[in-house]
Amino acid sequence: MKKLSKISVILLILSISFSSCNKYNDKPYAVNGVLNLTDYHIQKVVSLDGEWEFYWNELISPKDFRKRDIEGDTYTKIPGTWDNLTEQYPLVSKLGVATYRLRIYKQFNNSRFGIKLNKINVAYKIWINGDLLYEAGKVAEKEKNIIPAKEVKTHYFVSESDKIEIILQVSNFNHNKGGIESSILLGVAEKMKSKEKWGLALNFFLFGLLLIVAINHIILYWLRRDVTSSLYFALLIFSIAFNFILIGNHNILSLLFPNMSWAMQIKLDFIGDYVSLFLFLKYISSLFKEECSKKVINFILIYSILLSIFVLVTSPLIFTYSISQFHIVSGILIIYILLVLAKAIVSGKEGSKQAMLGTIILVIALTNDTLNNNLIINTLNLLPYGLAIFIIIQSYLISFRLSKAYQYSVQLTDELDYFNDNLEKIVKDRTSKISQQKEELEVQSESLIVANDEIVKINQILEGQSVEIQKKNKALTDSVNYAKRLQDAVLPEQRILRENFPDHFILFKPKDIVSGDFFWYGEVDSSWDFDEASKTKIIIAADCTGHGVPGAFMTLLGHNFLHLIVNIQEVVDPEQILYKLDQLVIETLKQRESGTMKDGMDIAVMSVDEEKEIVNFSGAGNPIFYIRGGELFEVKGSHFGIGGVLRKEKVFTPTKIPYQKGDIFYMLSDGFADQIGGPDGRKYYKKRFKELLVKIHHKPIMEQEGILDKVFEEWRGEKKQIDDVLVMGIKF
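Residues numbered from 1 in each chain as written. Predicted model: local features only at pLDDT ≥ 70, side-chain atom pairs only at ≥ 80, totals over all residues. Heavy atoms only, no water.

The N-to-C vectors of helix H14 (residues 548–568) and helix H15 (residues 574–588) enclose an angle of 130°; their axes lie 10 Å apart at closest approach. In terms of orientation, H14 lies oblique with respect to H15. Both H14 and H15 take part in a crossing whose hand is right-handed. Residues Leu557, Phe561, Leu562, Leu564, Ile565 and Val566 of H14 touch H15, and the partners they reach there are Ile577, Lys580, Leu581, Leu584, Val585 and Thr588. Among the residues forming the contact of H14 with H15, the class breakdown is 10 nonpolar, 1 polar and 1 charged. (Axes fitted to C-alpha atoms, helices over the stretch in contact; angles between N-to-C directions. Helix = DSSP H or I, 4+ residues; strand = E, 2+ residues; numbered from the N terminus. Parallel < 35°, antiparallel > 145°, perpendicular 65-115°, else oblique. Left-handed = near helix turned anticlockwise from the far one by under 90°. Contact = heavy atoms within 4.5 Å. Nonpolar A, V, L, I, M, F, W, Y, C, P; charged D, E, K, R; others polar.)

Shown next as C-alpha cells:
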C-alpha cells in the first residue's frame, strides 16, 4: 500500500506540473481587443484569453460595427463574469446583455478552423468575419424573449485571410453569473476534431469505467450485506459519474437527451453536487463509525434534502445564488472529515491512512477545479486525475478489508476441517476424561455423604445455640430499650423548651437505640425579686465519645453533672460551666490516675440574657452558627474537649454575641457533616451544611427541621448511618 501511496502522490504532482506548463508557457494573450498570432504556430489549439472589446447593454452585429464605425475603448478579460466588472464598470450588473469583439491576426497557413465555446450563460450568438456562425438558444434584450441554452460545442468555419474577427453576443436573465466563464478555444479543424473526438471518447471511457467499478461494489455489497462501505462507495461513484460526466461541461447529457430543457440540466447539476456531498460523508462514516457523529450525518442529510427541494421549486436565477454557501458548508464538512480520519489514524484504525491519502488528493483536485471555475486561478482541471487516484485507493481499501475477512473465513474453515478430521480421536479423549471424572465424582460423592451427616449434627447443635442466642439477644435488647426510656426521661421536655423558645427545632437522630448525643436546658434566677426577665437560660448541645450504650452512659453523666453545675451551683457563664464539667468528668472517670482514658465529650454551651439581649457562648470542640441578614457567621469553640488528661492547661474562650430580632442560632454535633453518601460516597462536610442552612434559613423554623431530615436521608441513601445526629435551631 505504501508503494501505491507514493505512485498516487507522484501522479498528482506530475498533473499539477503539466497543468502549470500547459497554461502559462509560451501562451498568446489578447491586448486591447487584438490577438497577434503571426509569430505563433497555429497548428496548436489556442486559448483566446485576454482583453476583448466589451459593450454593455448593447447587442451589436457586424453590420452595426461597419455602419457606425465603432471602435472599442472598453475592454474586459476573458474568461470572466459580469459580476467581477462592477468595480471597474459600475453600470454592469449580473443580468443583462453584452457584445464582445476580438480581432485575430494569424499566419496564412490554413483556411478551415474550429472554435469551441464553454460555459456561456445563458444564450449566445457568434459571428466570424461578419458571417453568423451559430446561435445557442435565443439572444434577446428582454427577459421574456430569451431562450436559454446549455451547449458545449465546437463550430467550424473557413477563413482564408490573415485576419479573423469574432463578434459574440451574450444575454443572461436566468443565472446569477453572466458572461464567459471558460476559455474560448481556437485551432485548425483537424486538430479541433481530433481533440473533440478523443475528449468525448475519454469521457465515455471514464463513464464506463466508473459504472463498472460501481457495479462491482454493488455486487460485493450483495454478497456481503454487512459491509455497507461497498454500497455507499458504489452510490458515491454513481453520483460522481452522473454529475461529472453527464451533467458537467462534457455535453454527454445533451447528446443523450437533446430535448431536455436548460433549466432541468442546471437543476440536475446542482442536485448532483448535494447528493455527492452526503454520500461522501456517509461512505467515510461507514468505514469509521465510532469517529463520525450521527448528528453531523443527519444534519448534512437534511441540508442536502432541503437544498434539493429548494432547487426543484425555484428558478435557476434564484437557486444559483446558493452555490456560495454550499461551497462554505462543503469546506467545513471536508475539514470535519479530515479530522475524523486523523482521529481514526491516532486510534490505529485499519485503512485510515489510505483513506486520508485518497481524501486529501481528491480535496486538492476539487479545490483546484473550484478555484479554476470561479476564475480565481487559471490551471488545468485536475478532477479526473484526483478522482482516478481516489477511486483506486478506496477500491483497494475496501478490497483489502474484504480480503482480510475472507482470509479469516478460510482460517475458520481450516480449523473446522481439522476438527472434523480429528473428531473421532477428540471424542475418545473426551470420553476417557469424562469416565475418569465420573470415578472422581463418585469418590467425592461418598465423601460428601459423610460430610453431610457431620453437617446435620452441627446444624442441630447450632439450632440449640441459636435459640439460646435469641433469648440472650432479647434480654439485651430489652435492657437497651429500658436504657433508652431512661435517657429520654432525662432529656428536656418539649413543653418547657417551647415556652421559653417558641421558635425552635431539634433534629435528633440516634444511630442506635440509645444515643451518644444529648441536648440540655436549664435556667437560673439570680435576682432577689424572682423577675422572669432576669432569668439566664442555658441551652447545651453535646456529643459524647462513642455511640450506642457506651455513649449513652456518658450522656447520663453529662446530664447529672450539668444539673449539679447549673441548677444547684447556679453557674451561668458558659466557660465556667465547661471548666467545672471538665473537672467532674476527669475526677469521676479517674483519668488523672490512669492517664489513658480519653472518654469525654464535645459540647457547645449558649446562655441567653434576654434583658440585655446578649448570647454568651463557649464551646469545647463544637462551634455555634448564627445567621443575620442572610449571612452566616461561625463562632468556633476551643479545640480542647471535655475529659481526658492534657499536659497543658485547657482554655475555653467566652464570646458575647448581641442578638437581634430575626437572628437564628444553630448548635450541632458532627454527625450530619460526617455522614457518608451522595453519588460519590463522600462525607457531607461542614461547608455544604452551612450552605444548606443559608439556603433554608428564611423558611419557618419548624419546616427547617423537616428539610434537614429529608436532605440527610437522601444523602445517606442505602448506606448506614455512621454517627448520632443532633441539630438545634433557635430563632429570636
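Strand order in this open sheet of 5 strands is S15-S26-S23-S20-S21, and the pairing throughout is antiparallel. The sheet is open, and its two edges are formed by strand S15 (504–509) and strand S21 (631–635), each paired on a single side. Across this sheet, the average inter-strand angle for adjacent strands is 15°, counted without regard to direction. Bridge analysis of strand S23 (residues 664–668) against strand S26 (residues 725–731) gives 5 bridges, and the strand direction is antiparallel. (Pairing = 2+ DSSP bridges.)

The geometry of helix H6 (residues 262–287) relative to helix H7 (residues 294–313) is characterised by a closest axis approach of 9 Å and an angle of 170° between their N-to-C directions. Between H6 and H7, the angle is such that the two are roughly antiparallel. Across the interface between the two elements, Lys267, Phe270, Ile271, Tyr274, Phe278, Leu281, Lys282 and Ser285 of H6 pack against Val296, Ile297, Ile300, Leu301, Ser304, Leu307, Ser308, Val311 and Leu312 of H7. Taken together, the residues that form the contact of H6 with H7 break down as 12 nonpolar, 3 polar and 2 charged.

What follows concerns unusual backbone geometry. Cis geometry is adopted by the peptide bond preceding proline 79, which originates at isoleucine 78 and carries an omega value of 5°. Topologically, proline 79 is positioned in the loop between strand S4 (75–78) and strand S5 (80–81). Even without being a glycine, asparagine 129 presents a positive backbone phi close to 50°. Mapped onto the secondary structure, asparagine 129 falls in the loop between strand S9 (123–128) and strand S10 (131–136). The phi angle at lysine 590 is positive, at roughly 55°, despite the residue not being glycine. Assignment of secondary structure puts lysine 590 in the loop between H15 and helix H16 (591–594).

Turning our eyes to something else, we now look at a negative patch on the surface. There is a patch of like negative charges on the surface, built from Glu439, Glu440, Glu442 and Glu446. With respect to the helices and strands, the residue glutamate 446 is situated in helix H12 (residues 423–490). Classification of glutamate 446 as exposed rests on a relative accessible area of 56%. (Patch = residues over 30% accessible without salt bridge, like charges linked within 9 Å, V, L, I, M, F, W, Y side chains within 5 Å. Areas by Shrake-Rupley, 256 points an atom, 1.4 Å probe, with all protein chains shown as cover. Salt bridge = Lys/Arg side-chain N within 4 Å of Asp/Glu carboxyl O. Lys, Arg positive; Asp, Glu negative; His and termini not counted. Charge placed at Lys NZ, Arg CZ, Asp CG, Glu CD. Buried < 20%, exposed > 50% of the residue type's maximum accessible area, 1.4 Å probe, protein only.)

Per the counting criterion, the structure on display carries 21 aromatic pairs. Relative to tyrosine 684, the ring of phenylalanine 672 lies with its centre 5.3 Å away and its plane at 75°, an arrangement referred to as edge-to-face. Taken together, the residues phenylalanine 672 in helix H17 (residues 671–674) and tyrosine 684 in the loop between strand S25 (682–683) and helix H18 (686–696) connect sequence positions 12 residues apart. The class of phenylalanine 672 is buried, set by a relative accessible area of 1%. Overall, tyrosine 684 belongs to the buried group, its relative accessible area being 6%. (Phe/Tyr/Trp six-rings, centres within 6.5 Å; stacked < 30°, edge-to-face > 60°.)

The subject of this paragraph is the nonpolar core. Formed by 48 residues in total, the largest nonpolar core has its most connected members in Ile539, Leu581, Met601, Ile603, Met606 and Ile642. Discounting residues that sit within four places of it in the chain, isoleucine 642 has contacts with Leu578, Leu581, Asp582, Val585, Asp599, Gly600, Met601, Ile603, Ala620, Lys650 and Phe652. Core analysis: the second largest hydrophobic core is formed by 45 residues, Val122, Phe233, Tyr303 and Ile323 among them. (Core = buried A, V, L, I, M, F, W, Y, C linked by side-chain atoms within 4.5 Å.)

Position of asparagine 172 among the secondary structure elements: in strand S12 (residues 163–172). Exposure remark for asparagine 172: the relative accessible area of 0% places this residue in the buried category. Among the polar contacts made by the side chain of asparagine 172, one reaches the main-chain carbonyl oxygen of lysine 94 at a distance of 3.1 Å. Of the polar contacts made by the side chain of asparagine 172, one reaches the backbone nitrogen of asparagine 174; its length is 3.2 Å. Other than its neighbours up to four places away in sequence, asparagine 172 contacts Trp82, Lys94, Leu95, Gly96, Asn121, Val122, Ile146, Lys177 and Gly178. (Polar contact = N/O pair within 3.5 Å; in protein donor to acceptor, adjacent residues only side chain to side chain.)

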